[in-house]
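# Results of the structural survey
Here are the chains, one letter per residue:
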Amino acid sequence: MIHFDWFHKHFPYPPYTNFSRGKCLTHTVTEGIISGWTAIFVFISGYLFENLRADKFHYKMFLKRKCKTIVLPYLICSIPAIVICVVTGKFSPAYGDVGVMKGTVLNIITGAHSVVYWYIPFVMLIFLSSPLAISFTKLSHNRQSVLLFSLFIVSAFLHRSHYNANPIHSYIYFMPLFLFGVYCSIHRDKLKELRPYAVLFLIAALALAWTQINIFNHIGLYHKNFFEFGGVDLAYIQKLFLLIFIVLAIPAIEKKSIPFLDYFAIASFPLFFLHPYIMRLFDMTHFSLVFGYNAWPSMLSAFLYTTLVTSCSVIVLECFRKIFGEGCLYIIGDRKKSKLVSKRKDEVDFIIRKA
């Protein structure tokens, strides 16, 4: 996530063109693969959601928990960024020329006041429509497959919204990936038959990443207005192949305990809220210029920048944990000190054992 944010910040916002000509194969393919990992996060949410079968799912309790652990931290963590927007008068270009009041309201609704906070409004729309996902689980395998294929086509032509500032647009674009996560969780046993071919899906994803950049001269993600025609979103299709590869490859490491990954699995959400402020601090002090793509080879810059921002974010997170304890759940969405984390970990372990 932080790795992609570096590219988003250092390369011009659309169009992403004329940068990778002449770059080596590994470089251009890597640029394509690391872009758009929101798709992975949405897919994982759907995969885990499927464990809440219809007989276990309580809509009101589900939404209440999401409001406490997602919406509340979102609002609290948004305060400094929104204050900065109000003081500087700088709002997202997607809004046009707006006043302070309107700009502030739009910031809260869209999450455009931060490079990553736009994820929260649209994912809450997904959670609000979770009964649709429950209904999806009750369809036959064939109907599920036809519906998903149809929705994938819609999303591939829809693209993302400009500046990711339209939650409804993002909802329509990403909802099929949430349902795909549900689908893969339901049919995990059938997917086992494809495991010998996992590498083929990885090759397909890499080939699409290379094609997008070197044939179509498009770096990064596809953005457009809702009713515009912009061709096919190759990044979306690429992520579908990558998701299938990940699902098929997981069994190779599912029984291994890796402390590093265990830590970040729990810390990922609070780091999501914290790291934009670390990046903003680097920008304010001009420290981020040290990692500009003209100063270092860009992949090395991205790696160094990612490592430094992640390390600083972890330090801030541990300070929050020391000071606020269980309160971190409602301030930055941290579950480590919460009673909910052990229950959620048991659910995840149960899902992995069934995979």
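About the cut-offs
- Within each chain, residue numbers correspond to sequence positions counted from 1 in written order.
- Reporting of local features is limited, given that this is a predicted model, to residues whose pLDDT is at least 70; pairs of side-chain atoms are given and counted only at 80 or more, and all residues count toward the totals for whole chains, interfaces and linings.
- Calculation of side-chain values draws on the structure's entire complement of heavy atoms; hydrogens and water are dropped beforehand.
- Here a Phe, Tyr or Trp ring, Trp counted by its six-membered ring, pairs with any other such ring whose centre lies within 6.5 Å, and the pair is stacked when the planes are under 30 degrees apart, edge-to-face when over 60, and tilted otherwise.
- Per the convention used, a helix needs a DSSP run of H or I reaching at least four residues, while a strand needs a run of E reaching at least two, with both numbered from the N terminus.
- Relative accessibility under 20% of the residue-type maximum defines a buried residue, over 50% an exposed one, and the middle range a partly exposed one, all with a 1.4 Å probe and only protein chains included.
- Contacts were defined at the residue level, with two residues in contact if any of their heavy atoms lie within 4.5 Å.
- The convention used is that axes are lines fitted to C-alpha atoms, helices contributing only their stretch in contact, and that angles between N-to-C directions extend from 0 to 180 degrees.
- Note that the term roughly parallel is reserved for angles under 35 degrees, roughly antiparallel for angles over 145, roughly perpendicular for angles of 65 to 115, and oblique for everything else.
- Whether a crossing is left-handed or right-handed is set by the direction in which the near helix is turned from the far one by less than a right angle, anticlockwise for left-handed and clockwise for right-handed.
- Ten residues, namely Ala, Val, Leu, Ile, Met, Phe, Trp, Tyr, Cys and Pro, are considered nonpolar, four, namely Asp, Glu, Lys and Arg, are considered charged, and the remaining ones, Gly among them, are considered polar.
- Residues adjacent in sequence count toward polar contacts only when both atoms are side-chain atoms; beyond that, a polar contact is any pair of N or O atoms within 3.5 Å, and within protein one must be able to donate a hydrogen and the other to accept it.
- Here, nonpolar core refers to any group of buried Ala, Val, Leu, Ile, Met, Phe, Trp, Tyr and Cys residues whose side-chain atoms link them within 4.5 Å.
- Scored from 0 to 100, pLDDT records how confident the predictor is in each individual residue.

### Re the packing of aromatic side chains
The final tally for this structure, using the stated rule, is 32 aromatic pairs. With centroids separated by 5.5 Å and ring planes inclined at 50°, the aromatic side chains of Phe49 and Phe178 adopt a geometry described as tilted. One end of the pair, Phe49, is in helix α3 (residues 38–49); the other, Phe178, is in helix α9 (residues 167–186), with 129 residues separating them in the sequence. The pair Phe49 / Phe178 is uniform in exposure class, with both members buried. With centroids separated by 6.3 Å and ring planes inclined at 65°, the aromatic side chains of Phe152 and Tyr236 adopt a geometry described as edge-to-face. Placement of Phe152 in helix α8 (residues 141–158) and of Tyr236 in helix α12 (residues 234–249) is noted, with a sequence separation of 84 residues between them. A relative accessible area of 3% places Tyr236 in the buried class.

### Let's talk about the environment of Gly103
If you trace the backbone, Gly103 turns up in helix α5 (residues 100–110). For the pair Gly103 and Lys90, spaced 13 residues apart in sequence, the C-alpha separation works out to 8.9 Å. The contacts of Gly103, once residues within four sequence positions are left out, are Phe91, Tyr95 and Val98.

### Section: the packing of α9 against α12
For the pair α9 and α12, the least separation of the axes is 12 Å and the interaxial angle reads 15°. Our classification of the angle between α9 and α12 gives roughly parallel. Every pair of crossing elements has a handedness; the one defined by α9 and α12 is right-handed. In this structure, α9 contributes Tyr173, Pro176, Leu177 and Phe180 to the contact, and α12 contributes Tyr236, Leu240, Leu243 and Ile244. Here the residues of the contact of α9 with α12 are counted per class, giving 8 nonpolar, no polar and no charged.

### Considerations on the packing of helix α4 (residues 59–88) against α5
Direction vectors running N to C along α4 and α5 enclose 150°, while the axes themselves pass 11 Å from each other. Read as a crossing pair, α4 and α5 show a hand that is right-handed. Between α4 and α5, the contacting residues are Tyr74, Leu75, Ile82, Cys85 and Val86 on the first element and Val100, Thr104, Asn107, Ile108 and Thr110 on the second.

### A closer look at the side chain of Ser129
Turning to its location among the elements, Ser129 is positioned in the loop between α6 (119–128) and α7 (130–137). A distance of 3.0 Å separates the side chain of Ser129 from the backbone oxygen of Ile126, its partner in a polar contact. Only 2.9 Å separates the side chain of Ser129 from the side chain of Tyr171, close enough to count as a polar contact. Excluding its chain neighbours within four sequence positions, the residues that come into contact with Ser129 are Tyr171 and Met175.

### Focus on the nonpolar core
Within the largest apolar cluster, 57 residues are counted, with the highest numbers of intra-cluster contacts made by Val42, Phe49, Ile120, Phe127, Leu177, Phe178 and Phe180. In terms of residues, this core owes the most to one element, α9, which gives 11 residues. With residues up to four places along the chain from it excluded, the contact list for Phe180 reads Phe43, Leu148, Phe152, Leu240, Leu243 and Ile244.

### Thoughts on the confidence of the model for the protein chain
Taken over all residues, the pLDDT of the protein chain has a mean of 84, while the share at 70 or more is 81%. When the criterion is pLDDT under 50, residues 6–22 qualifies, and its contacts beyond four places in sequence or with other chains add up to 51 contacts. For residues 346–355, every residue scores under 50 in pLDDT, and the model assigns this stretch 17 contacts once sequence neighbours within four places are set aside.

### Comments concerning the environment of Leu139
Along the chain, Leu139 turns up in the loop between α7 and α8. Here Leu139 is in contact with Gln144 and Leu147, once residues within four sequence places are set aside.

### Section: unusual backbone geometry
Backbone geometry at His159 places phi at a positive 65°, although glycine is not the residue there. Positionally, His159 belongs in the loop between α8 and α9. We note that Asn217 has phi near 55°; this positive angle belongs to a residue other than glycine. Mapping Asn217 onto the fold places it in the loop between α11 (198–214) and α12. A residue is classified by how much of its surface remains accessible, and Asn217, at 18% relative accessible area, is buried.

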